[in-house]
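Descriptive analysis of the structure
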There are 2 protein chains.
Amino acid sequence: MIRVLIAEDQGMLRGALGSLLDFEEDIEIVGEASNGKDALDMILKLQPDICLLDIEMPFMSGLEVAEEVKRRNISCKIIILTTFGRPGYFEQAVKVGVQGYMLKDGSIEELAESIRSVMKGKREFAPELIFGSIQEDNPLTKREQTVLSLASQGKTSKEISSELYLSHGTIRNYMSEIIDKLGVKNRTEAVTVAKENGWI
Amino acid sequence: MIRVLIAEDQGMLRGALGSLLDFEEDIEIVGEASNGKDALDMILKLQPDICLLDIEMPFMSGLEVAEEVKRRNISCKIIILTTFGRPGYFEQAVKVGVQGYMLKDGSIEELAESIRSVMKGKREFAPELIFGSIQEDNPLTKREQTVLSLASQGKTSKEISSELYLSHGTIRNYMSEIIDKLGVKNRTEAVTVAKENGWI
DNA sequence: AAATACTAATGACAATTGTCATTCTAATTA
DNA sequence: TAATTAGAATGACAATTGTCATTAGTATTT
């Protein structure tokens, strides 16, 4: 029997996932969490074999939970279950060392198969992510990402410059370059586009 | 037997919803669509009693499908099924004349109950929407939301003004008011904050 | 009937933003 | 080795942005 914990903030999917996975005769749902903090608590208390983690959840993201589980050297295996193959998320998840990364586009049967596979010690990643069809890579350099990310918080070029110990003009050059690279009109649209693509 | 069509673009939820609703002995799933266009085609072809419609779908939104169904005077009843906190949608759905508006936060049992209730001729709206009133905590007026939403697409004040047939100065006044209301520094941060809160 | 909120407008001002040309260094790649 | 890329800077220019004071019509509340 594979003991599974589900962490997903959308009630309907959480419930449905719970019911349907529980129908599988080799899988047992030991708990359901609706946010990251509860998920971490329940992992510690219930010691499940596998935890399914959504990324965007209140209080603590799935990636933060995964990081904490790995940091504390807990044996629970982690499968990230998320809507989008945001390249940033996927990269981070791999870096943290999760055992699986699946998309909510697949079927529950596929998910059950992945759970069994991970239980056997394998790693399971959604093929869409590996063969990079979604993975449009980030056209922005590290520096540009930093600058745009600060701009998204409403910081002016001058404020960004003093925060990064760079000149005012440099920041404006970077911003101009960012706008050009993303093919947008101004910093506001740049933030929108970069966020949609998971580039910042 | 209540004949139900499901239109939902997220594969996992669509499949789960299909399986679990089909378990109910008085409900029959006659079809599943993954986008708005397919949903409309299937409504015409299969003539279900009730159609569950997600809002954010490719090609045609659930609200557009609902509008078309009502416009053509098709007898199929519509239940909108969507994620919490997206402003404007609820109002628009009521205006179109849908029979139900439920949140993906609830359970499948609740959804099944709503389907039965709608089948009997009642209208079912998620209580969170009626009481909790999502629009209430949105500090922005209709006009301000429109302006900020256009700004988030990178439009300049001048472009927004000509799109809304207002003067350039008026848009800048609105933007100034928006920035003040949200307690932010500029339009870029205003977009970030408003999006995080689901206000635009 | 009076007060309030929303919509809309004008003009003026200072600050911020975006663009361009041009230069320089360090690191990487062909 | 030569070429390219990332990072950093300067100065100048025009356009855009944000603020403020002030006015006004229309609805809705009190």
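Cut-offs used in this document
- Residues numbered from 1 in each chain as written.
- Chains lettered and ligands numbered in written order.
- Predicted model: local features only at pLDDT ≥ 70, side-chain atom pairs only at ≥ 80, totals over all residues.
- Heavy atoms only, no water.
- UniProt positions renumbered as here; feature names shortened; annotations may be inferred.
- Helix = DSSP H or I, 4+ residues; strand = E, 2+ residues; numbered from the N terminus.
- Least-squares fit on C-alpha atoms with pLDDT ≥ 70 in both.
- Buried < 20%, exposed > 50% of the residue type's maximum accessible area, 1.4 Å probe, protein only.
- Pairing = 2+ DSSP bridges.
- Expected span 1.5 Å × (residues − 1).
- Axes fitted to C-alpha atoms, helices over the stretch in contact; angles between N-to-C directions.
- Parallel < 35°, antiparallel > 145°, perpendicular 65-115°, else oblique.
- Contact = heavy atoms within 4.5 Å.
- Nonpolar A, V, L, I, M, F, W, Y, C, P; charged D, E, K, R; others polar.
- Near = heavy atom within 4 Å.
- Polar contact = N/O pair within 3.5 Å; in protein donor to acceptor, adjacent residues only side chain to side chain.

Concerning the UniProt feature "modified residue: 4-aspartylphosphate" (unreviewed entry) in chain A
The residues that UniProt annotates with the feature "modified residue: 4-aspartylphosphate" (unreviewed entry) are Asp54 of chain A. Of note, aspartate 54 of chain A is situated in the loop between strand E3 (50-53) and helix H3 (62-71).

A word on the relation of the copies chain A and chain B
For the pair chain A and chain B, the superposition axis carries a translation of 1.0 Å, the fit reaches an RMSD of 1.5 Å, and the rotation angle comes to 179°. Expressed as an axis order, the relation between the two copies is that of a two-fold axis. For chain A, the smallest separation between a C-alpha atom and the rotation axis is recorded for threonine 188 of chain A, amounting to 2.2 Å.

A word on the pairing of strand E4 (residues 77-82) of chain A
All names here are of chain A. Taken across its 6 residues, E4 has 5 buried, putting it largely inside the fold. Strand direction decides the pairing type here: E3 and E4, joined by 4 bridges, are parallel. The residue of E4 that forms the bridge with cysteine 51 is isoleucine 78.

A closer look at the pairing of strand E5 (residues 100-103) of chain A
Residues and elements named next belong to chain A. The two faces of E5 match: Gly100 and Met102 on one face and Tyr101 and Leu103 on the other face are all buried. Two elements, E4 and E5, share 4 bridges in a ladder whose sense is parallel. Bridge pairing in E5 links threonine 82 to leucine 103. Here E5 runs beside strand E6 (residues 124-125); their pairing, made up of 2 bridges, is parallel.

Comments concerning helix H5 (residues 108-119) of chain A
All names here are of chain A. Helix length check: H5, at 12 residues, gives a terminal C-alpha distance of 16 Å against a target of 16 Å (1.5 Å per residue), a fit within 8%. Taken residue by residue, H5 has Ile108, Leu111, Ala112, Ser114, Ile115, Arg116, Ser117 and Val118 as its buried positions. After H5 finishes, the residue glycine 121 shows a positive phi value of roughly 105°.

Re the packing of helix H3 (residues 62-71) of chain B against helix H4 (residues 89-96) of chain B
Residue and element names in this part refer to chain B. Relative orientation of the contacting elements H3 and H4 amounts to 10°, with a least axis distance of 10 Å. The orientation of H3 relative to H4 falls into the category roughly parallel. Across from Leu63, Ala66, Glu67 and Lys70 in H3, the residues of H4 making contact are Tyr89, Gln92, Ala93 and Val96. Class assignment of the residues belonging to the contact of H3 with H4 gives a composition of 5 nonpolar, 1 polar and 2 charged.

A word on the protein's contact with DNA strand C
Close to DNA strand C lie 20 residues; Arg172 and Arg187 of chain A together with Thr141, Arg143 and Tyr174 of chain B are nearest. Restricting attention to atoms of DNA strand C within 4 Å of the protein, one finds that 60% of them are sugar or phosphate atoms. Lysine 158 of chain A is positioned with one of its side-chain polar atoms (N or O) 2.9 Å from a phosphate oxygen of DNA strand C. At 3.1 Å, a side-chain N or O of threonine 170 of chain B approaches a phosphate oxygen of DNA strand C. When contributions to the surface near DNA strand C are tallied by element, the ones reaching two or more residues are helix H8 (157-164) and helix H9 (168-182) of chain A together with helix H7 (142-152) and helix H9 (168-182) of chain B. In terms of residue class, the surface near DNA strand C is made up of 4 nonpolar, 10 polar and 6 charged.

Considering the protein's contact with DNA strand D
Close to DNA strand D lie 20 residues, the nearest being Thr141, Arg143 and Tyr174 of chain A together with Arg172 and Arg187 of chain B. What you see for DNA strand D is that sugar and phosphate hold 61% of its atoms within 4 Å of the protein. Here arginine 143 of chain A contributes a side-chain N or O atom positioned 2.5 Å from a phosphate oxygen of DNA strand D. Between DNA strand D and the protein, one listed contact pairs a base nitrogen with a side-chain N or O atom of asparagine 173 of chain B at 2.9 Å. Elements with a minimum of two residues in the surface near DNA strand D: H9 of chain A together with helix H8 (157-164) and H9 of chain B. Looking at the surface near DNA strand D, the element that brings in the most residues is H9 of chain B, giving 6 residues. Grouping the amino acids of the surface near DNA strand D by side-chain chemistry returns 4 nonpolar, 11 polar and 5 charged.

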